[in-house]
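Below, each chain spelled out in residue letters.
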Amino acid sequence: MTCPNCGNEVPEGTYCVVCGIRFSEGGGAGAKRGYSAAPNQSVLRPAPLTTLFPQLPPAEMTNFYAALAVGTIVMVVLALFGLFPLAIVAAAVLVPLITVVYVYDIDVYEDEPIRVIGLTMLAGAIAGAIVGVLGRVWVPSGTISLIDQGSSAGLIRSIVLPTIALLLALVGPALLLRYERFNDVLDGVTFGVAAAVCCAGAQLLVQAGPLFSAGLRPGGDVLDWIVRLLSAGIATPLLFAGAIGAAGGVLWLRYRAPVRDRHILGPLGNPIVAVVLAAVVLVLGAAALEYLNQWLSLVAMIVLDVIALITLRAIIHLGLMQEAAERAIGPDVTCPNCGQQTPHHTFCSNCGYSFAALPKTGAGSSEMRRT
Amino acid sequence: MSVPPPPPAAPAAPPQPVQRGRLSPAKVVLFVGAGLSVVLIVAYLAVLSNAPAADQPDCQDQQCDPVTAPALVNGTLFQGDLGWQVQYSPEYWKAVDEGADSLQLQDVGGHPVWVTIEATSGDTDPQALFDDKVKTLSEQILGMKETNVPEFAITNPGVGDRHGPGALYTGTVDSPQGPSTPVGVAVMSATDGDVTVVVSVVADQKNYGYAAQQGDSILNTFLYPSETDV
């Protein structure tokens, strides 16, 4: 049959094996497209895990959500007991820790895990530490910030520091851009996300330094702290990951994708435009934290998270679609996601899962992903 | 004639194993929990080792004696347009902001301590002025909450010789990059009918004892217009 979306002759099935579109019962009009890394979800659904960890098998998703929930509960319980310094530490390490477990679990870069992901995360952490130090020495910090409310201080905290964080966090991924073996858009996204969450965590830890010398219970309103911790430990790393991961994906799409696919995003695919947009998102997040109260800033951060995650999903989706280019349809293979037989190409004809999003572990998955 | 039973349905094809990661479901949560635990234990030890020395007075169940302020010698006089005045020792303080009826003093001894005095006409209710100040500060300080630490308790709140609302608060300085310094804040307000004044003392929590003493030495010199005529 002819796919109504990509126009290729493809085998009958629920999904097009070339472009991943879902055929309606009539097979033509009304075709519906799912998110390539999780075909049962829409591209417009801001699900954090399928966005930040696109190579995570669907069967693993619940476990990672459980881990995120457990970590969040630990953070909240620490705050309930007034142990704010420990709660801040939990907030800083939770998302980076889950990222580490994801990288280990999926073995994204099994040949050189330490050199590739480890150094990328280290670079992100160094970037965050630098921004944290700048945040403490460059503008009035500590008690003096309550007295010296210079107009420039707020602008530096909400514009300059987030922009520096973005640029520094992209250094690690950018260094990997020259390696031809990392030629997928997913590589750029993975490096960007890994660096981003570590940047956010390290920045928080360094900024919170004085909190660690004031005893276990420095005092304060628990509810305010819980809201702030959710913002610092969940919303901020998601925002960093969405914005910086998207910028990383665009860099890869522009410099690593086949030439004919490099303009698939239009002007948004220009790396400079992408970095500027990422900076705008981070600046808006910081401005919300600087100028709004705890509750409003959390709401604003969630809205920005949704925007950043959907943008990142769109880039991942396009990246996975782009990898389907000019590949012949092969013999039937067993889909590692649904276990059904499917003609070998880019997407499973039964469940729509993208083989490009497969982890490298598992029999044949590497070959299925790369051939 | 009986109808032969239908042949048994062919058994369904066994489900194929789906793609999974290295870790079993329980291990994912376990790894995150274990990692978090290790980090938190290290953080716990680090916070304990850096914690300020416990200096608890032996007055948990009774009122502590109020802290005594150092005597003022060769003070610098500041007079507000409304007729109030206050003295401070240049040995300990410098004025970082002087308005017509406001004064902001910063400790010059290396302690992050600030005293802010703001006066307005006497028709302003001290409680309203106090509430406004607390509201303003609470918008800047994360989790600002009233506390009653015995050694720093404000036993007789007021400004100068006049009594009024007063309380001690704790909280943490916050910024988009993260919370940072835990602070102690004392706010007091009073009036003589002609002038209503609100005073705030802001300090790092570990310097709050020092701040309370130094701040008290200034407030003891505060004179209302009705008192300066005497």
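In this text, all values refer to a predicted model and were calculated from it rather than measured experimentally. (Residues numbered from 1 in each chain as written. Chains lettered and ligands numbered in written order. Predicted model: local features only at pLDDT ≥ 70, side-chain atom pairs only at ≥ 80, totals over all residues.)

### Brief notes about the overall build of chain B
Piece 1. If you tally the helices and strands in chain B, you get four helices and 11 strands.
Piece 2. Within the span of chain B, comprising 230 residues, buried residues form 37% of the whole. (Helix = DSSP H or I, 4+ residues; strand = E, 2+ residues; numbered from the N terminus. Buried ≥ 20, exposed ≤ 12 C-beta atoms within 10 Å, placed from the backbone.)

### Details of the overall build of chain A
Piece 1. Along its length, chain A carries 12 helices and four strands.
Piece 2. Looking at chain A alone, contacts between residues at least 24 apart form 68% of all its contacts between residues at least 6 apart. (Contact = placed C-beta atoms within 7 Å.)

### Structural notes on the interface of chain A and chain B
Piece 1. At the interface, 70 residues of chain A touch 56 residues of chain B.
Piece 2. Where the side of chain A that touches chain B is concerned, the elements lending two or more residues are α2 (58–80), α3 (84–106), α4 (113–137), α5 (144–147), α6 (151–169), α8 (185–207), α9 (222–255) and α10 (271–291) of chain A.
Piece 3. A per-element tally of the side of chain A that touches chain B places α3(A) first, with 13 residues.
Piece 4. Residues belonging to the side of chain A that touches chain B are distributed by class as follows: 40 nonpolar, 22 polar and eight charged. (Nonpolar A, V, L, I, M, F, W, Y, C, P; charged D, E, K, R; others polar.)

### Examining the sheet that holds strand β10 (residues 182–191) of chain B
Residue and element names in this part refer to chain B.
Piece 1. Pairing within the open sheet is antiparallel, and its seven strands lie in the order β3-β4-β5-β11-β10-β9-β6. At either end of the open sheet lies a strand with only one pairing partner, and these are β3 (93–98) and β6 (141–147). Each neighbouring strand pair of the sheet contributes to a mean axis angle of 20 degrees, computed without reference to strand direction.
Piece 2. Across seven bridges, the pairing between strand β9 (residues 166–173) and β10 is antiparallel. Bridge pairing in β10 links Gly 166 to Met 188. (Pairing = 2+ DSSP bridges. Axes fitted to C-alpha atoms, helices over the stretch in contact; angles between N-to-C directions.)

### What to know about the packing of α8(A) against helix α11 (residues 294–322) of chain A
All names here are of chain A.
Piece 1. Put simply, α8 and α11 touch, their axes get as near as 8 Å, and they point 150 degrees apart. As far as their axial angle goes, α11 and α8 are roughly antiparallel. Side by side, α8 and α11 meet where Val 185, Leu 186 and Val 189 of the first sit next to Leu 312, Ile 315, Ile 316, Gly 319 and Gln 322 of the second.
Piece 2. Within the contact of α8 with α11, the residues separate by chemical class into six nonpolar, two polar and no charged. (Parallel < 35°, antiparallel > 145°, perpendicular 65-115°, else oblique.)

### Structural notes on the packing of α2(A) against helix α1 (residues 25–50) of chain B
Each pair of packed helices can be summarised by the angle the axes make with each other and by the distance between the axes.
Piece 1. At their nearest, the axes of α2(A) and α1(B) sit 8 Å apart, and the two run at 30 degrees to each other. It follows that α2(A) is roughly parallel to α1(B) by the angle criterion. In this structure, α2(A) crosses over α1(B), and the sense of that crossing is right-handed. Along its contact with α2(A), which presents A:Asn63, A:Phe64, A:Ala66, A:Ala67, A:Val70, A:Gly71 and A:Val74, the element α1(B) presents B:Pro25, B:Val28, B:Val29, B:Val32, B:Gly33 and B:Leu36.
Piece 2. Split into classes, the residues belonging to the contact of α2(A) with α1(B) amount to 10 nonpolar, three polar and no charged. (Left-handed = near helix turned anticlockwise from the far one by under 90°.)

### Let's talk about α10(A)
Piece 1. Compared with an ideal rise of 1.5 Å per residue, which puts 21 residues at 30 Å, α10(A) spans 30 Å between its outermost C-alpha atoms and is within 8% of the ideal.
Piece 2. Those residues of α10(A) not exposed but buried are A:Ala274, A:Val275, A:Ala278, A:Ala279, A:Val281, A:Leu282, A:Val283, A:Gly285, A:Ala286, A:Ala288, A:Leu289 and A:Glu290. (Expected span 1.5 Å × (residues − 1).)

### Here we look at the environment of A:Cys199
All names here are of chain A.
Piece 1. Tracing the backbone through its elements, the reader meets Cys 199 in helix α8.
Piece 2. A residue is classified by how many C-beta atoms lie within 10 Å of it, and Cys 199, with 32 of them, is buried.
Piece 3. On a C-alpha basis, the gap between Cys 199 and Leu 168 in space is 8.7 Å, while along the polypeptide they are 31 residues apart.
Piece 4. Sequence-distant contacts of Cys 199, defined by excluding residues within four places in its chain, comprise Gly 124, Ala 125, Ala 127, Gly 128, Ala 165, Ala 169 and Phe 240.

### Points about the environment of A:Ala67
Piece 1. Tracing the backbone through its elements, the reader meets A:Ala67 in helix α2.
Piece 2. The spatial distance from the C-alpha of A:Ala67 to the C-alpha of A:Val222 is 23 Å, given a sequence separation of 155 residues.
Piece 3. Look past the residues within four positions of A:Ala67 in its chain and what remains in contact with it is A:Ile98, A:Val101, B:Val28, B:Val29 and B:Val32.

### Considerations on the confidence of the model for chain B
All names here are of chain B.
Piece 1. Mean pLDDT over chain B: 81, with 80% of residues reaching 70 or higher.
Piece 2. In this model, residues 6–17 is a region of pLDDT below 50 whose contacts with residues beyond four sequence positions or in other chains number four contacts.
Piece 3. Predicted confidence is poor over residues 55–67, with pLDDT under 50, and the contacts of this stretch with residues over four places away or in other chains come to 14 contacts.
Piece 4. Reported for the predicted complex are a pTM of 0.84 and an ipTM of 0.83. (pLDDT = per-residue confidence, 0-100.)

### Examining the environment of A:His263
Piece 1. With respect to the secondary-structure elements, A:His263 resides in the loop between α9 and α10.
Piece 2. In this structure the C-alpha to C-alpha distance between A:His263 and A:Leu253, which are 10 residues apart in sequence, comes to 8.4 Å.

### Digging into the confidence of the model for chain A
Residues and elements named next belong to chain A.
Piece 1. When the pLDDT values of chain A are averaged, the result is 85; 87% of them are 70 or greater.
Piece 2. Counting interchain partners and residues more than four positions distant, the pLDDT-below-50 stretch residues 25–30 has five contacts.
Piece 3. With pLDDT under 50 throughout, residues 360–367 is counted as low confidence; its partners more than four residues away or in other chains account for 15 contacts.

### Comments concerning the nonpolar core
Piece 1. Ranked by internal contacts, the top residues of the largest apolar core, which has 171 residues, are A:Ala87, A:Ala90, A:Cys199, A:Ala243, A:Ile244 and A:Ala278.
Piece 2. Beyond its immediate sequence surroundings of up to four residues, A:Ala90 is in contact with A:Gly71, A:Val74, A:Met75, A:Leu78, A:Gly233, B:Leu36 and B:Leu40. (Core = buried A, V, L, I, M, F, W, Y, C linked by C-beta atoms within 7 Å.)

### Thoughts on the pairing of strand β5 (residues 113–121) of chain B
All names here are of chain B.
Piece 1. With five bridges connecting them, strand β4 (residues 102–107) and β5 associate as antiparallel partners. Within β5, the position partnered with Gln 104 by the bridge is Thr 116.
Piece 2. In textbook terms, the turn of a hairpin is the stretch between consecutive antiparallel strands, and for β4 and β5 this stretch comprises five residues, one of which, Gly 110, has a positive phi near 90 degrees.

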